[in-house]
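# Structural description and commentary
Chain by chain, the residues run as shown.
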Amino acid sequence: MIIDLRPSAAFEAGHIGDARNVPVADLEAQADSLKKWRDRTVITYCDSGVSGAGAARTLSKLGFTKVFNLDGGLNAWIKDNLPVIKGSNGGKAKSK
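Rules of the game
- Residues numbered from 1 in each chain as written.
- Predicted model: local features only at pLDDT ≥ 70, side-chain atom pairs only at ≥ 80, totals over all residues.
- Heavy atoms only, no water.
- Pairing = 2+ DSSP bridges.
- Helix = DSSP H or I, 4+ residues; strand = E, 2+ residues; numbered from the N terminus.
- Right-handed = clockwise from strand over helix to strand, strands pointing away.
- Axes fitted to C-alpha atoms, helices over the stretch in contact; angles between N-to-C directions.
- pLDDT = per-residue confidence, 0-100.
- Contact = heavy atoms within 4.5 Å.
- Core = buried A, V, L, I, M, F, W, Y, C linked by side-chain atoms within 4.5 Å.
- Buried < 20%, exposed > 50% of the residue type's maximum accessible area, 1.4 Å probe, protein only.
- Salt bridge = Lys/Arg side-chain N within 4 Å of Asp/Glu carboxyl O.

### Here's the deal with the pairing of strand E3 (residues 41-45)
Where strand E1 (residues 2-4) lies against E3, three bridges are found, and the strand directions are parallel. Bridge assignment links Ile3 to a residue of E3, and that residue is Thr44. Sheet topology note: the E3/strand E4 (residues 66-69) ladder contains four bridges and is parallel. Across the sheet, residue Val42 finds its bridge partner in E4, namely Val67. One crossover worth recording links E3 to the parallel E4 by way of helix H3 (residues 50-61), and it is right-handed.

Structural data, given as structure tokens:
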């Protein structure tokens with residue numbers, strides 16, 4: 001699972017494909033809905049990697065065993081010319 005921690009508007013403007021938008025302020029409140037992923041790989045990201053690192057630590061404290069943060073966040077992803085999707089989760093249109 002890939003968790004985009006940015007606000008909804010930023011998520012819709014462009015995100016990694018198959019990412020789930022869980023704004024960082026809502027992470028602990030939504031952790032119960034993510035519990036089926038506790039023993040699976042979870043990748044967190046924000047714009048720069050700072051909030052993503054904190055979120056990864058939070059999930060680890062909540063019992064998630066395979067949590068990783070995308071180093072450099074979405075900015076690094078885009079800088080490496082990797083694809084992003086615009087719109088809500090179901091969007092198929094790619095940019096970049």
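### Focus: the sheet that holds E3
Spatially, E2-E1-E3-E4 is the arrangement adopted by the four strands of the open sheet, whose pairing is parallel. Unpaired on one side and paired on the other, strand E2 (19-21) and E4 mark the two borders of the sheet. Taken pair by pair, the neighbouring strands of this sheet meet at an average axis angle of 30°, ignoring direction.

### Examining the confidence of the model for the protein
Detailed conclusions should not be drawn from predicted coordinates in areas where pLDDT is low. With 92% of its residues at a pLDDT of at least 70, the protein reaches an overall mean of 91. Within the model, pLDDT remains below 50 along residues 90-96, and this stretch shows 15 contacts once partners closer than five positions in the same chain are excluded.

### A word on the nonpolar core
If you look at the biggest cluster of nonpolar residues, it comprises 13 residues, and the most contacted ones within it are Ile3, Leu27, Leu34, Val42, Leu59, Phe64 and Val67. At three residues, the largest contribution of residues to this core is made by H3. Excluding anything up to four places from it in sequence, Leu34 contacts Met1, Ile3, Arg20, Leu27 and Phe64. Judged by nonpolar contacts, the second largest core, of six residues, contains Phe11, Ile16, Tyr45 and Val84.

### Structural notes on unusual backbone geometry
Even without being a glycine, Asp18 presents a positive backbone phi close to 65°. Here Asp18 lies in the loop between helix H1 (8-13) and E2. Exposure remark for Asp18: the relative accessible area of 74% places this residue in the exposed category. Its identity as a non-glycine residue notwithstanding, Asn81 has a phi of 60°, on the positive side.

### Some points on the pattern of salt bridges
What the rule picks out here adds up to three salt bridges. Across the salt bridge formed by Asp4 and Arg6, the nearest N and O atoms sit 2.8 Å from each other. For the pair shown, Asp4 and Arg6 are each scored as buried. Put simply, Asp47 and Arg6 hold a salt bridge, and the shortest N to O gap is 3.5 Å. One end of the pair, Asp47, is in the loop between E3 and H3; the other, Arg6, is in the loop between E1 and H1, and 41 residues separate them in sequence. For Asp47, a relative accessible area of 36% puts it in the partly exposed group. Ionic contacts of the salt-bridge type, sharing partners, join the residues Asp4, Arg6 and Asp47 into one network.

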